[in-house]
Amino acid sequence: MVDAQEAVIVNALVRQFLVAAQEVMGANGINSVLRTSHLERFIGNLPPDDLNPGVKAVEYARMNEAIEAFYGRGARGMLRRIGRASFQYAIREQPALMGLAGAALRLLPQRQRILFVLNNMVGALKKTNAQVDAWVEDKDGSIAFIERTCAICMGRKSIQPTCYLYIGSIGEAVRWASGQDYDIRETHCIAKGDPYCRFEIGEQISM
Ligand SMILES: [Zn+2]
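Here the residue numbers are simple positions, counted from 1 along each chain's written sequence. Reporting in this predicted model follows two pLDDT cut-offs: at least 70 for local features of residues, and 80 or more for side-chain atom pairs to be given and counted; totals over whole chains, interfaces and linings ignore these cut-offs and use all residues. Water and hydrogen atoms were dropped before computing side-chain values, which therefore reflect all heavy atoms in the structure.

(A) Fine view of the packing of helix α1 (residues 11–36) against helix α2 (residues 57–71). Relative orientation of the contacting elements α1 and α2 amounts to 85°, with a least axis distance of 10 Å. In terms of orientation, α1 and α2 fall into the roughly perpendicular class. Counted together, Phe17, Leu18, Met25, Gly29, Ser32, Val33, Leu34 and Thr36 of α1 and Tyr60, Met63, Asn64, Ala66, Ile67, Phe70 and Tyr71 of α2 form the full contact between these two elements. Residue composition of the contact of α1 with α2, grouped by class: 11 nonpolar, 4 polar and no charged. Only the stretch in contact is used when fitting a helix axis, every axis being a line fitted to C-alpha atoms; angles between N-to-C directions are given from 0 to 180 degrees. Helix and strand assignments come from DSSP, with helices taken as H or I runs of at least 4 residues and strands as E runs of at least 2, each series counted from the N terminus. When describing relative orientation, an angle under 35 degrees is termed roughly parallel and one over 145 degrees roughly antiparallel, while 65 to 115 degrees is termed roughly perpendicular and anything else oblique. Working rule for contacts: check all heavy atoms of both residues, and any pair within 4.5 Å makes them a contact. Three categories are distinguished: nonpolar for Ala, Val, Leu, Ile, Met, Phe, Trp, Tyr, Cys and Pro, charged for Asp, Glu, Lys and Arg, and polar for the others, with Gly belonging to the last.

(B) Geometry of the nonpolar core. Put simply, buried Ala, Val, Leu, Ile, Met, Phe, Trp, Tyr and Cys residues joined by side-chain atoms within 4.5 Å make one nonpolar core. Whether a residue is buried, partly exposed or exposed follows from its accessible area with a 1.4 Å probe, protein chains only, as a fraction of its type maximum: under 20%, in between, or over 50%, in that order. Counting residues in each nonpolar core, the largest one holds 65 residues, and the members touching the most others are Leu118, Phe145 and Ile170. Top element by residues in this core is α1. It accounts for 10 residues. If we ignore the near neighbours within four places in the chain, the residues touching Phe145 are Leu118, Met121, Val122, Leu125, Trp135, Val136, Tyr166, Ile170, Cys197, Arg198 and Phe199.

(C) Structural context of the sheet that holds strand β4 (residues 142–147). Here, a strand pair is defined by DSSP locating no fewer than two bridges between the strands. Reading across the sheet, the 4 strands line up as β3-β4-β6-β5 and stay open at both edges, with antiparallel pairing between neighbours. If you trace the sheet from one side to the other, it starts and ends with β3 (134–139) and β5 (181–188), each paired once. The sheet shows a mean angle of 25° between the axes of neighbouring strands, taken without regard to direction. Strands in contact with helix α4 (residues 110–128) are β3, β4, β5 and β6 (197–205); relative to β4, the strand with the most contacts, it is inclined by about 5°.

Structure follows, in structure tokens:
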């Protein structure tokens, strides 16, 4: 188990987050979040697309918290949108890392496609950062994505699950895999005292 103060997020993922956040919030929005999070060094200056440590996980969590404070009631939707944009960035810019370049998903049943993409997300996270402890659960007919090292809520305390950004990314991954929207529910969250953050793929949302 990695100590919360030691845990890091690699540059490539910080970059992905900042590009996605700027797409959704605009430059002024993200710059103001960077200032309140004491991460001014990234204003107009994205980290390189490599696997060196970018920020501490607690700093990453602080950016998420700052976005919540910035948008108040609208923050959940905003964070989900940033999560969706992050996954789209990963597919666009890092398909090989995601193991999704040219994947012949079409031949698989929908459930297998969802499992495939989520397992590849876990694989990519582990490949980029040896500290990551994450896995996919496929049990009693339901699929869940679980992480014990969730950087979105690292060091935070909350009475409710807080990892909306993750909900967005997982939702987008599932949509990419299946062509359908599914309800993603965070059933467990480290910020509220659970041992891990757990995101369950719920019902398909009719479009
Ligand atoms: Zn979390």
